[in-house]
Amino acid sequence: MPALAVRSYDSKLDSKRRITLRATQYDYYHVEEYPDGRIMLEPRELTKPFEVSQNSLAMMDKSMENFKAGKVGDAIDLSAYEDLI
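Engineer: Help me understand the pattern of salt bridges, please; the structure alone is not making it clear to me.
Structural biologist: When charged atoms on two side chains of opposite charge get close, those side chains can pair. For the structure on display, the rule yields three salt bridges. Note that Asp 36 is salt-bridged to Arg 38, the shortest N-O span being 3.0 Å. Glu 42 is the salt-bridge partner of Arg 44, the closest N and O atoms lying 3.6 Å from each other. The exposure class assigned to Glu 42 is partly exposed, which follows from its relative accessible area of 30%.

Engineer: Any chance you could explain the layout of surface pockets here in plain terms?
Structural biologist: Unoccupied space between atoms shows up once a probe the size of one water molecule is rolled over them. Computed from the structure, the largest pocket encloses a volume of approximately 840 Å³. Considering the residues around the largest pocket, the lining is formed by 22 residues, among which Arg 7, Tyr 9, Leu 21, Tyr 29 and Leu 41 are closest to the centre. When residues of the lining of the largest pocket are traced back to their parent elements, those giving at least two are strand E1 (28-33) and strand E2 (39-44). If you tally residues by element for the lining of the largest pocket, the top one is E2, at four residues. Class assignment for the residues of the lining of the largest pocket results in 16 nonpolar, three polar and three charged.

Engineer: What exactly am I supposed to notice about the packing of aromatic side chains here?
Structural biologist: Each aromatic ring pair is specified by the distance between its two centres and by the angle formed by the two planes. On inspection of all chains with the given rule, the structure shows one aromatic pair. On the numbers, 6.3 Å between centres and 85° between planes, the contact of Tyr 26 with Tyr 29 is edge-to-face. For Tyr 29, a relative accessible area of 27% puts it in the partly exposed group. Arg 38 extends its terminal NZ or CZ atom over the ring of Tyr 34, reaching a point 4.3 Å from the ring centre.

Engineer: Explain unusual backbone geometry to me, please; I cannot follow it from the model alone.
Structural biologist: Note: most residues except glycine have negative phi, and most peptide bonds are trans. The phi angle at Arg 17 is positive, at roughly 65°, despite the residue not being glycine. A positive phi angle, near 45°, is found at Ala 23, a position not held by glycine. Assignment of secondary structure puts Ala 23 in the segment before E1.

Scoring rules and cut-offs
Residues numbered from 1 in each chain as written. Predicted model: local features only at pLDDT ≥ 70, side-chain atom pairs only at ≥ 80, totals over all residues. Heavy atoms only, no water. Salt bridge = Lys/Arg side-chain N within 4 Å of Asp/Glu carboxyl O. Buried < 20%, exposed > 50% of the residue type's maximum accessible area, 1.4 Å probe, protein only. 1 Å grid on protein atoms, 1.4 Å probe; cavity = no way out; pocket = protein on both sides within 12 Å on 5 of 7 lines; lining within 4 Å. Points joined across faces, edges and corners; volume = space filled by probe spheres on them. Helix = DSSP H or I, 4+ residues; strand = E, 2+ residues; numbered from the N terminus. Nonpolar A, V, L, I, M, F, W, Y, C, P; charged D, E, K, R; others polar. Phe/Tyr/Trp six-rings, centres within 6.5 Å; stacked < 30°, edge-to-face > 60°. Lys NZ or Arg CZ within 6 Å of the ring centre and 35° of its normal.

The following block contains the structure:
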């Protein structure tokens, strides 16, 4: 059984061919347009790309401290993968 609508209203394109959505819960939506005129909107939560968390930065700093102090593991043999390069 399809989900029941929470809200239903008519909307009109403005002079710049935009539609206004009323009282939305999200700032971003993924839009799909179909040949029969239907438009499907799915909410999206966008994250900032290339942002490194504070926890990750702290772990990298600690790793560099260990490296400089000579606390390192044995070298890894990658020769088995040379033919992939």
